[in-house]
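One letter stands for each residue in the lines below.
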Amino acid sequence: VTSAMVRCYDFFVCNSTLYTFYYQQINGHYQMKIFQYKNGAFHYHSNLPEDLTFRRISFEIFKAKAAYQNKTYFTTGKLYVSEDMISAEEIILEEDAIVSDLRVINGRLYVMTVKKAEDGSYTTSVWVKKLLSENEFKKLYYFTYPCAAQSFTYHDNHFYFGMGDGTLSETNPNNGSVLSIK
């Protein structure tokens, strides 16, 4: 990559190929481009699909992504899937919910959504991709808590959730809480 101002922020795998996102400043304007790794270097592949909708939830372009069944699933706050990183299809799990994390666990794709309730609490839901469907997910469970789940993982038959309001503020006693569900 040759440019006066290039920033790489994230790597991901799509269909067994390594990619990265670059912010490129060209004539004072930032553009997001996708570069593909081949023959020992990253080469321009495509611009980020223009029809993606971003709900700002983190500094990364994609807060979470996972390679699953020769596709890349990723979240911008909404859930998308792509086979080639030239185009992407949106998957709607629940209206107004923010998709904040996803991962492959024991060969299955899991997605976590967060939705703010009118009383200020947050409902966190965990979804699993149905095995034989194209892009259908089933809600496994949900819970409500005073702040949003920022991430999740699975270990020793438990799901663990990192809770917080998206800041490092010590004034919120729930920041940094860890919840577990068996």
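Higher on the page you've got the structure.
Each value, and the rule that gives it
- Residues numbered from 1 in each chain as written.
- Predicted model: local features only at pLDDT ≥ 70, side-chain atom pairs only at ≥ 80, totals over all residues.
- Heavy atoms only, no water.
- Core = buried A, V, L, I, M, F, W, Y, C linked by side-chain atoms within 4.5 Å.
- Buried < 20%, exposed > 50% of the residue type's maximum accessible area, 1.4 Å probe, protein only.
- Helix = DSSP H or I, 4+ residues; strand = E, 2+ residues; numbered from the N terminus.
- Contact = heavy atoms within 4.5 Å.
- Pairing = 2+ DSSP bridges.
- Axes fitted to C-alpha atoms, helices over the stretch in contact; angles between N-to-C directions.
- Patch = residues over 30% accessible without salt bridge, like charges linked within 9 Å, V, L, I, M, F, W, Y side chains within 5 Å.
- Areas by Shrake-Rupley, 256 points an atom, 1.4 Å probe, with all protein chains shown as cover.
- Salt bridge = Lys/Arg side-chain N within 4 Å of Asp/Glu carboxyl O.

> So, the nonpolar core: which residues are in play, and what are the values?
Core analysis: the biggest nonpolar cluster contains 16 residues, and Tyr110, Val126, Ala149, Phe152, Phe159, Phe161 and Met163 have the highest contact counts within it. Contributions of two or more residues to this core are made by strand E10 (108-116), strand E11 (122-129), strand E12 (137-145), strand E13 (148-155) and strand E14 (158-164). Non-local contacts of Ala149, meaning those with residues more than four positions away in its chain, are made with Ser100, Met112, Val114, Thr124, Phe161, Gly162 and Met163. Of all hydrophobic cores here, the second largest spans 14 residues; its members include Tyr68, Leu93, Val111 and Phe137.

> So what about the sheet that holds E12? Which residues, and what values?
The four strands lie next to each other as E9-E10-E11-E12, forming an open sheet whose pairing is antiparallel. For this open sheet the edge positions go to strand E9 (98-105) and E12, each flanked by a neighbour on one side alone. Ignoring strand direction, the axes of neighbouring strands in this sheet form an average angle of 20°. Bridging between E10 and E11 involves seven bridges; their strand directions are antiparallel. When the sheet's bridge partners are listed, Lys115 is paired in E11 with Thr123.

> Can you explain a nonpolar patch on the surface? Please cite residues and give values.
A grouping of Val13, Leu18 and Tyr37 is seen on the molecular surface, where their side chains present a nonpolar patch of about 220 Å² in accessible area. Position of Leu18 among the secondary structure elements: in strand E2 (residues 17-26). With relative accessibility at 32%, the residue Leu18 sits in the partly exposed group.

> Which residues make up the pattern of salt bridges, and what values do they have?
Here the idea is simple: oppositely charged side chains can pair when their charged atoms come close. This structure, assessed with the given rule, holds six salt bridges. The salt bridge partner of Lys78 is Glu90, with a shortest N-O separation of 3.6 Å. One end of the pair, Lys78, is in the loop between strand E6 (71-75) and strand E7 (79-82); the other, Glu90, is in strand E8 (residues 89-91), and twelve residues separate them in sequence. A residue is classified by how much of its surface remains accessible, and Glu90, at 34% relative accessible area, is partly exposed. For Lys139, the salt bridge is made with Glu94, and the minimal N-O distance between the two is 3.7 Å. Taken as a pair, Lys139 in strand E12 and Glu94 in the loop between E8 and E9 lie far apart in primary sequence, 45 residues in all. Relative accessible area serves as the criterion here: at 31%, Lys139 is assigned to the partly exposed category. The partly exposed category is assigned to Glu94, whose relative accessible area is 25%. In this structure, a network of salt bridges that share partners links the residues Lys71, Glu83 and Glu134.

Everything listed here is a matter of geometry and, on its own, says nothing about what the molecule does.
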